[in-house]
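Commentary on secondary and tertiary structure
These are the residues of each chain, in order.
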Amino acid sequence: MLLEVSELNTYYGQSRALQNINFHVDEGEVVALLGRNGMGKSTTLKSIMGLLKPHSGQIRFNGRDIMGLNPYKVARAGIGYVPEERRIFPNLTVLDNLKMGIKGGKIDKSNPNAWTIERIFEHFPFMKERTHQKGGHLSGGEQQMLTIGRTLMGNPRLLMVDEPTEGLSPIMVKEVRNVLEQISKAGIAILLVEHNYKMAISIAHRVYLMGKAHIGYSGTAAELEADAETRKKYLEV
Ligand SMILES: Nc1ncnc2c1ncn2[C@@H]1O[C@H](COP(=O)(O)OP(=O)(O)O)[C@@H](O)[C@H]1O
Ligand SMILES: [Mg+2]
């Protein structure tokens with residue numbers, strides 16, 4: 001297992017936002033974490049990333065206990081995180097935004113698989129044409145992809161993406177979906193939080209469904225596709 005979350009509990013003040021959460025992501029897998037608004041999906045990602053401090057439980061990544069590490073160290077351990085809010089630097093160029101994702105500011109030449117700007121351009125051709133434009137001038141979908149590209153520059157083994165298609169046009173949803181599929185084919189595991197069920201199911205191998213503060217269902221994408229009752233219970237579809 002690449003990521004293993006066991007009996008995770010996270011609170012906001014007195015209110016329990018995660019209640020004994022258990023799930024895992026294997027090497028190279030695409031796992032979707034789905035559920036209605038307010039169930040705890042973003043809280044789960046933030047707890048893994050060290051942005052929230054869980055009350056109890058275990059988070060293991062790549063065989064190592066990462067619970068309680070600060071976000072910087074979690075990123076160093078190999079987890080890339082694309083939050084719900086797109087965090088580009090609007091006044092920096094596309095190229096400089098990408099460079100901001102390089103850990104320690106320097107491409108690791110000892111790693112033959114390290115992401116380079118050229119490789120990012122192969123996956124996101126529009127960035128090559130707009131290298132010197134300011135990030136703030138990109139469309140919402142392009143900014144989302146720039147955030148993903150910047151995160152890849154940190155060479156994650158697991159990419160956690162929170163609602164990447166929120167507010168995007170159907171064409172851009174497809175583009176983001178295809179980019180995530182390519183990233184998966186490049187061998188990176190993905191933990192995808194999505195409100196767009198169809199998009200998620202089209203790339204996920206396995207799915208976890210969240211009810212309030214807990215995981216209520218776990219199955220393969222094919223199993224969930226065949227289970228209309230469960231979908232109705234946990235999703236708006
Ligand atoms: N900063 C916060 N302070 C207090 N409660 C929060 C905070 N962020 C989220 N919550 C609450 O925690 C629950 C889970 O939120 P969240 O993880 O954002 O859900 P989701 O991502 O599934 O929509 C919700 O009830 C939400 O209102
Ligand atoms: Mg959320």
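Scroll up for the structure.
First things first, this report covers the structure right here in the doc.

Cut-offs and rules
- Residues numbered from 1 in each chain as written.
- Chains lettered and ligands numbered in written order.
- Predicted model: local features only at pLDDT ≥ 70, side-chain atom pairs only at ≥ 80, totals over all residues.
- Heavy atoms only, no water.
- Helix = DSSP H or I, 4+ residues; strand = E, 2+ residues; numbered from the N terminus.
- Rg over C-alpha atoms; globule rule 2.2 N^0.38 Å.
- Buried < 20%, exposed > 50% of the residue type's maximum accessible area, 1.4 Å probe, protein only.
- Contact = heavy atoms within 4.5 Å.
- Phe/Tyr/Trp six-rings, centres within 6.5 Å; stacked < 30°, edge-to-face > 60°.
- Lys NZ or Arg CZ within 6 Å of the ring centre and 35° of its normal.
- Near = heavy atom within 4 Å.
- Polar contact = N/O pair within 3.5 Å; in protein donor to acceptor, adjacent residues only side chain to side chain.
- Areas by Shrake-Rupley, 256 points an atom, 1.4 Å probe, with all protein chains shown as cover.
- Nonpolar A, V, L, I, M, F, W, Y, C, P; charged D, E, K, R; others polar.
- Pairing = 2+ DSSP bridges.
- Salt bridge = Lys/Arg side-chain N within 4 Å of Asp/Glu carboxyl O.

The next subject is the overall build of the chain. Within the chain one finds 10 helices and 10 strands. Here the chain has a C-alpha radius of gyration of 17 Å; the compact-globule value for 237 residues is 18 Å, and the two agree. Each principal axis of the C-alpha atoms in the chain carries an extent, and together these give about 45 × 35 × 35 Å. A total of 237 residues make up the chain; the buried ones form 52% of that total. Long-range pairs, those at least 24 residues apart, make up 67% of the contacts in the chain between residues at least 6 apart in sequence.

In the structure shown here, the tally under the stated rule is 1 aromatic pair. Over the face of the ring belonging to W115 we find R119, whose NZ or CZ atom lies 3.7 Å from the ring centre.

Right, let's talk about the site of ligand 1 for a bit. Taken together, the neighbourhood of ligand 1 is formed by Y12, R36, N37, G38, M39, G40, K41, S42, T43 and K212. Here an oxygen atom of ligand 1 sits 2.8 Å away from a polar atom, N or O, in the side chain of K41. The fraction of the free accessible surface of ligand 1 (560 Å²) that becomes covered by protein chains is 59%. Top element by residues in the shell around ligand 1 is helix 1 (residues 41–49). It accounts for 3 residues. Of the residues in the shell around ligand 1, the class split is 2 nonpolar, 5 polar and 3 charged.

One non-glycine residue, N62, lies in positive phi territory at about 55°. By secondary structure assignment, the location of N62 is in the loop between strand 4 (56–61) and strand 5 (64–65). For N62, a relative accessible area of 40% gives the class partly exposed. One non-glycine residue with positive phi stands out, namely E163, at about 50°. Along the chain, E163 falls in the loop between strand 7 (158–162) and helix 7 (170–185).

Regular strands place side chains that alternate from one sheet face to the opposite one. Of all 6 residues in strand 9 (residues 206–211), 6 are buried, a share of seventy percent or more. Residue alternation in strand 9 divides its side chains into two sets, R206, Y208 and M210 and V207, L209 and G211, and both sets are buried. Sheet topology places strand 3 (residues 30–35) next to strand 9; 5 bridges connect them, and they run parallel. Of the residues in strand 9, the one forming a bridge with L34 is L209. With 6 bridges connecting them, strand 9 and strand 10 (residues 214–220) associate as antiparallel partners.

All right, on to the pattern of salt bridges then. Going through the model one piece at a time under the given rule, you end up with 5 salt bridges. For R130, the salt bridge identified is with E142, shortest N-O distance 2.9 Å. Pair noted here: R130 is in the loop between helix 5 (125–129) and helix 6 (140–152) and E142 is in helix 6, with a separation of 12 residues, a long-range link. Residue E142 is classed as buried on the basis of its relative accessible area of 14%.

Moving on, we come to the pairing of strand 3. Counting buried residues in strand 3 gives 6 out of 6 residues, a clear majority hidden from the surface. Side chains V30, A32 and L34 of strand 3 all project onto a buried face; the interleaved residues V31, L33 and G35 project onto the opposite face, where all are buried too. Where strand 3 lies against strand 8 (residues 189–193), 4 bridges are found, and the strand directions are parallel. Residue pairing across strands places L33 opposite V193, the latter belonging to strand 8.

This part takes up the sheet that holds strand 5. The strand order across the open sheet formed by 4 strands is 2-1-4-5, and the pairing between neighbours is antiparallel. A strand with exactly one partner marks an edge of an open sheet, and here the two such strands are strand 2 (15–25) and strand 5. Strand direction decides the pairing type here: strand 4 and strand 5, joined by 2 bridges, are antiparallel. Residue pairing in the sheet places R60 in a bridge with D65 of strand 5.

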